[in-house]
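One letter stands for each residue in the lines below.
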Amino acid sequence: RQMCIETAFDVSKDAVKITAKRLPKATFFVGDIWARWPVLSEAVDVLLNIFAPTSFDEMRRVVRWDGQVFKIFAGLDHLVELRNRYGLIGVERGKQERYQRLALSAFRQVSVRSLRWQCRLSDREIGALIAMGPNARHQTSIEISKSEELVTFDVVMLNVLTLNVKRQAQSA
């Protein structure tokens, strides 16, 4: 029987506290994505990075040679209706290409999958969605209209092939 330890970190103390209460069996810590992570080298089987800054070098260091790495980020049309209506922060052009280039500098193979769907959200859901993203730190106040709105979710997932990356590096 394999042991599974769920561990996560965020730079926000509040985010860590809230998430730790919801997932009491997991381990959480406050940490900086750009610093060396307090994780042993080659100790992680599955690494999932969702809508967060990314240090591919640290990912490579901590993931096992046969592990899985998933990087999920906003595509160009992500929340486009809300960005247009409320003047929210846009998605950086060339982000996918930049992430692919960075991933390939740390790992030998990267696959890309785009996921896109639309759904109707209430004004309350729209407010919560805006509040949990980068706009919460950059907007002072947004008046959400009292109606449902069709919203586009456009995300990109990079999956890197880690198999033998470290073994090749060690034998070189």
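Here, every reference points to the structure presented above.
Please read all numbers here as calculations on a predicted model, not as lab measurements.

Cut-off values and rules
Residues numbered from 1 in each chain as written. Predicted model: local features only at pLDDT ≥ 70, side-chain atom pairs only at ≥ 80, totals over all residues. Heavy atoms only, no water. Helix = DSSP H or I, 4+ residues; strand = E, 2+ residues; numbered from the N terminus. Contact = heavy atoms within 4.5 Å. Areas by Shrake-Rupley, 256 points an atom, 1.4 Å probe, with all protein chains shown as cover. Salt bridge = Lys/Arg side-chain N within 4 Å of Asp/Glu carboxyl O. Buried < 20%, exposed > 50% of the residue type's maximum accessible area, 1.4 Å probe, protein only. Core = buried A, V, L, I, M, F, W, Y, C linked by side-chain atoms within 4.5 Å. Pairing = 2+ DSSP bridges.

Colleague: Tell me what's going on with the overall build of the protein, and back it up with residues and numbers.
Modeller: In terms of helices and strands, the protein carries seven helices and six strands. Written out in order from the N terminus, the α and β elements of the protein read β-α-β-β-α-β-α-α-β-α-α-β-α. Taken along the three principal axes of its C-alpha coordinates, the protein extends 60 × 35 × 30 Å. Intrachain contacts of the protein at a sequence separation of at least 6 include 61% that bridge at least 24 residues. When the accessible surface of the protein is split by element, carbon and sulfur atoms take 52% of a total near 11,500 Å².

Colleague: Account for the pattern of salt bridges, naming residues and giving values.
Modeller: Two side chains of opposite charge can pair, provided their charged atoms sit close to one another. What the rule picks out here adds up to six salt bridges. Residues Asp 45 and Arg 64 are paired through a salt bridge, measuring 3.0 Å at the closest nitrogen-oxygen approach. Taken together, the positions of Asp 45 in strand S3 (residues 44-50) and Arg 64 in strand S4 (residues 63-74) put the pair 19 residues apart, joining distant regions of the chain. Assessed through its relative accessible area of 30%, Arg 64 is described here as partly exposed. A salt bridge links Arg 98 to Glu 92; the shortest N-O distance between them is 3.0 Å. For Arg 98, a relative accessible area of 25% translates into the label partly exposed. Each of Asp 45, Arg 64 and Asp 66 takes part in salt bridges that share partners, so that together they form one network.

Colleague: Please give an account of the nonpolar core that cites residues and values.
Modeller: Ranked by size, the top nonpolar core spans 18 residues in total, and within it Leu 47, Phe 56, Met 59, Val 69, Phe 107 and Leu 158 carry the most contacts. When residues of this core are traced back to their parent elements, those giving at least two are S3, helix H2 (56-62), S4, helix H4 (95-106) and strand S6 (149-161). For Phe 107, the residues in contact, after removing those within four places along its chain, are Phe 56, Met 59, Arg 60, Val 63, Val 69, Val 160, Leu 161 and Thr 162. Formed by eleven residues, the second largest nonpolar core is a distinct cluster that contains Leu 82, Leu 88, Ile 126 and Val 151.

Colleague: Hey, could you go over the pairing of S6 for me, with residue numbers and the actual values?
Modeller: Of all 13 residues making up S6, ten are buried, and the element is well covered by its neighbours. Looking at chain direction, S4 and S6 are connected through seven bridges and run antiparallel. Across the sheet, Phe 73 pairs through a bridge with Val 156, a residue of S6. The pairing of strand S5 (residues 109-121) with S6 spans 13 bridges and is classified as antiparallel. Residue pairing for S6: Cys 119 is matched across the bridge by Val 151.

Geometric descriptors of this kind do not, in isolation, establish any biological role.
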